[in-house]
Amino acid sequence: MSEPEAVALAVQAGATVFSGEKSTLVQTGPRPPVPGGSGLEQLRRAAAALERADPDVVVAGAVPFDLTRPGSLRLGPARTAPGPLPLPLPGARGQVTVARSRPVPPPSGYADAVRAGLAQIRAGRVDKVVLARTLQLEALDDWSIPDLLSELVSRNPSATALAVPLDDPADRQARWLVGATPELLLRRRGPSVLLRPMAGSIPRSPEPDEDIRRSDALLTSDKDRREHRFVVDAVVEALSPFCRTITAPEPELVATPAVWHLATRITALLNDTATTSVDLVAALHPTPAVGGSPRKAALEVIGEVEGLDRGCYAGAVGWQDVHGDGEWVVAVRCAEVKGRTLRIFAGAGIVEGSDPDAEVVETAAKMRTVLDAATSR
Ligand SMILES: C=C(O[C@H]1C=CC=C(C(=O)O)[C@@H]1O)C(=O)O
């Protein structure tokens, strides 16, 4: 059996897959979910279980945006290979026909939520809040996870494409998180930690001169640099108790096929290699790239004005091995898939000076990552 065939079979059978530019990790087979009533508890239990595990075992999966809710982490052997997932995955079923598509909330409702967020900023309750919306697609047949994953990998070569089965004991139908995220929460290898937070975005243009003009406008935008700064400051502060050398240079431009972003490549050295990748996830998540600043007040405002159950969207997804090394990405440009339903999520950071209509356009552009993979073959 070829590697793509093996991966396609594994994905159909519920494998957890992370496919990046440099390497791919696939965790397959029967593997126990990590128990726990909250994502935070599951992260702690996973780290403890790894201390007693065989060397090829990893914990892999997703913790939700809200760490007081349970996520889906599993313990089991994983295979890693250099480069992205080998394509094409055989057995592609071809295009799924979308019967209905519904934005929730509608664009005008999202613009109202952004205005409500801005009112909280002006009232001094928060400095930044990230607000999300969804696009729900109903297909005539069940969505195929291998097909979605293949499209996400091939269209987003520099992102981390992912397929994570979500545990839901109350629900017998399989649920998945799929997506292709450009945002690295953290990678820990021995004492070295790398992070690449993102915030501040502008939609790409198909016209090359206009595309460059937009990227220049983003790089020099005061509003976007402020929006970005909240994330870098929070990340550096959260790392400080654990790390002795933290370097955070000026933000740079990063392009996905749909959007330009501001990103900062932060490097750090752990004080103590007993600190695992999971410890860092627990300390960092959710950053103001998906929550806001100050964190507690921003999470309250999201609960009051957004009106969505984010689930694992904007959560932390990734893996850790028995040495405490691991890689976790931020679950943006993602969708939740269940049977015929695909729910695409996208959010945008709101700060003083944000324009509600521009945030509608920005979130629509962000949704294209999954929408294009799901609908245009
Ligand atoms: C919250 C999302 O993106 C985050 C990551 C990069 C840029 C973002 C922004 O510019 O608002 C967001 O912070 C999303 O795509 O749903």
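Residues numbered from 1 in each chain as written. Predicted model: local features only at pLDDT ≥ 70, side-chain atom pairs only at ≥ 80, totals over all residues. Heavy atoms only, no water.

An unreviewed UniProt entry lists the protein chain under the name isochorismate synthase, from Kineococcus aurantiacus.

Participant: For this particular structure, what's the right way to read empty space enclosed by the protein?
Facilitator: If a probe the size of a water molecule is rolled over the atoms, the empty space left behind becomes visible. This model, assessed by the stated rule, comprises one cavity of 30 Å³ or more. The volume enclosed by the largest cavity comes to roughly 180 Å³. If you go around the largest cavity, you meet 21 residues; those closest to its centre are M198, A289, R333, G347 and K366. Mapped onto the lining of the largest cavity, the elements with two or more residues apiece are strand 6 (128–139), strand 11 (198–203), strand 20 (341–350) and helix 9 (356–375). (1 Å grid on protein atoms, 1.4 Å probe; cavity = no way out; pocket = protein on both sides within 12 Å on 5 of 7 lines; lining within 4 Å. Points joined across faces, edges and corners; volume = space filled by probe spheres on them. Helix = DSSP H or I, 4+ residues; strand = E, 2+ residues; numbered from the N terminus.)

Participant: Looking at this model, I keep getting lost on the side chain of S277. Mind explaining?
Facilitator: Mapped onto the secondary structure, S277 falls in helix 7 (residues 277–284). Overall, S277 belongs to the buried group, its relative accessible area being 0%. Only 2.9 Å separates the side chain of S277 from the side chain of W328, close enough to count as a polar contact. Every residue in contact with S277, bar those within four places of it in the chain, is listed here: L186, R188, W319, Q320, G324, D325, G326 and W328. (Buried < 20%, exposed > 50% of the residue type's maximum accessible area, 1.4 Å probe, protein only. Polar contact = N/O pair within 3.5 Å; in protein donor to acceptor, adjacent residues only side chain to side chain. Contact = heavy atoms within 4.5 Å.)

Participant: Would you mind showing me how to read the pairing of strand 8 (residues 175–181) here?
Facilitator: Within a regular beta strand, the side chains point alternately toward one face of the sheet and then the other, so they alternate between its two faces. With seven of its seven residues buried, strand 8 lies for the most part within the structure. In strand 8, alternate side chains face the same way, and those of R175, L177, G179 and T181 on one face and W176, V178 and A180 on the other are all buried. Sheet topology note: the strand 7 (residues 160–166)/strand 8 ladder contains seven bridges and is antiparallel. By the bridge assignment, T160 is partnered in strand 8 with T181. Bridge count between strand 8 and strand 19 (residues 334–338): five bridges; the pairing is antiparallel. (Pairing = 2+ DSSP bridges.)

Participant: What should I look at first to understand helix 4 (residues 145–155) in this one?
Facilitator: Side chains three or four residues apart in an α-helix point the same way, a direct result of the helix having 3.6 residues per turn. For helix 4, the tally of buried residues reaches nine of 11 residues, placing the bulk of the element in the interior. Among the residues of helix 4, those classed as buried are I145, P146, D147, L148, L149, S150, E151, L152 and V153. The N-terminus of helix 4 is capped by S144, whose side-chain oxygen sits 3.0 Å from the backbone nitrogen of D147.

Participant: Before we go on, may I ask you to explain the nonpolar core in this structure?
Facilitator: Looking at soluble globular proteins, one finds that nonpolar side chains tend to be buried together. Counting residues in each nonpolar core, the largest one holds 57 residues, and the members touching the most others are L186, L239, L284 and W328. Residues within four places of L239 in sequence aside, it is in contact with L195, I246, I266, A268, L280 and L284. V11, L89, L149 and A180 belong to the second largest nonpolar core, which has 35 residues in total. (Core = buried A, V, L, I, M, F, W, Y, C linked by side-chain atoms within 4.5 Å.)

Participant: Looking at this structure, how should I read the site of the ligand?
Facilitator: With respect to spatial proximity, 17 residues lie near the ligand, and among them S201, A289, Y313, R333 and G347 are the closest. Between the ligand and the protein, one listed contact pairs an oxygen atom with a side-chain N or O atom of E227 at 3.2 Å. Taking A289, its main chain carries an N or O atom lying 2.5 Å from an oxygen atom of the ligand. Counting only elements with at least two residues in the shell around the ligand, the list comes to strand 11, strand 20 and helix 9. For the shell around the ligand, the class distribution of residues is seven nonpolar, five polar and five charged. (Near = heavy atom within 4 Å. Nonpolar A, V, L, I, M, F, W, Y, C, P; charged D, E, K, R; others polar.)

Participant: What is the right way to look at the pattern of salt bridges in this model?
Facilitator: Here the idea is simple: oppositely charged side chains can pair when their charged atoms come close. Considering all chains together, one arrives at 24 salt bridges under this definition. The residue D224 makes a salt bridge to K223 at a minimum N-O spacing of 3.5 Å. Residue K223 is classed as buried on the basis of its relative accessible area, which comes to 17%. (Salt bridge = Lys/Arg side-chain N within 4 Å of Asp/Glu carboxyl O.)

Participant: I tried to follow the packing of aromatic side chains on my own but got confused; where do I start?
Facilitator: The way to describe two aromatic rings as a pair is by their centre distance and the angle between their planes. The tally for this structure, following the rule as stated, stands at one aromatic pair. The interplanar angle of 10 degrees and the centroid separation of 4.9 Å between the aromatic rings of Y313 and F345 together place this pair among those described as stacked. Placement of the pair is Y313 in the loop between helix 8 (295–305) and strand 17 (316–320) and F345 in strand 20, with a sequence separation of 32 residues. Taking relative accessible area as the criterion, Y313 reaches 3% and is therefore assigned buried. For F345, a relative accessible area of 2% puts it in the buried group. Directly above the ring of Y110 sits R133, whose terminal nitrogen or CZ lies 5.6 Å from the centroid. Here R310 stacks its cationic end above the ring of F65, 4.2 Å away from the centre of that ring. (Phe/Tyr/Trp six-rings, centres within 6.5 Å; stacked < 30°, edge-to-face > 60°. Lys NZ or Arg CZ within 6 Å of the ring centre and 35° of its normal.)

Participant: Please clarify how the sheet that holds strand 11 should be interpreted in this entry.
Facilitator: Strands in a sheet are paired, the pairing made by backbone hydrogen bonds, and the direction either parallel or antiparallel. Read across the sheet, three strands follow the order 11-14-13 without closing on themselves; strand pairing throughout is antiparallel. This sheet does not close on itself; its edge strands, each paired only once, are strand 11 and strand 13 (252–255). Direction aside, neighbouring strands of the sheet carry axes that sit 30 degrees apart on average. As paired elements, strand 13 and strand 14 (residues 259–263) share four bridges and run antiparallel to each other. Looking at the pairing, A255 lines up with W260 of strand 14. Here helix 6 (residues 222–239) sits on the sheet and contacts strand 11 and strand 14; the angle it forms with strand 11, its principal contact strand, is near 150 degrees. Sheet strands in contact with helix 9 are strand 11 and strand 14, and its direction is about 95 degrees off that of strand 11. (Axes fitted to C-alpha atoms, helices over the stretch in contact; angles between N-to-C directions.)

Participant: Could you clarify how one ought to interpret the packing of helix 4 against helix 9 in this entry?
Facilitator: The relative placement of two packed helices is expressed as an angle between their axes plus a distance between the axes. The interhelical angle for the contact between helix 4 and helix 9, taken along N-to-C directions, is 125 degrees, at an axis separation of 9 Å. Of the possible angle classes, the one that applies to helix 4 and helix 9 is oblique. Judged by the sense of rotation from one axis to the other, the crossing of helix 4 with helix 9 is right-handed. Across the interface between the two elements, L148, E151, L152 and R155 from helix 4 touch T369, V370, D372, A373 and A374 from helix 9. (Parallel < 35°, antiparallel > 145°, perpendicular 65-115°, else oblique. Left-handed = near helix turned anticlockwise from the far one by under 90°.)

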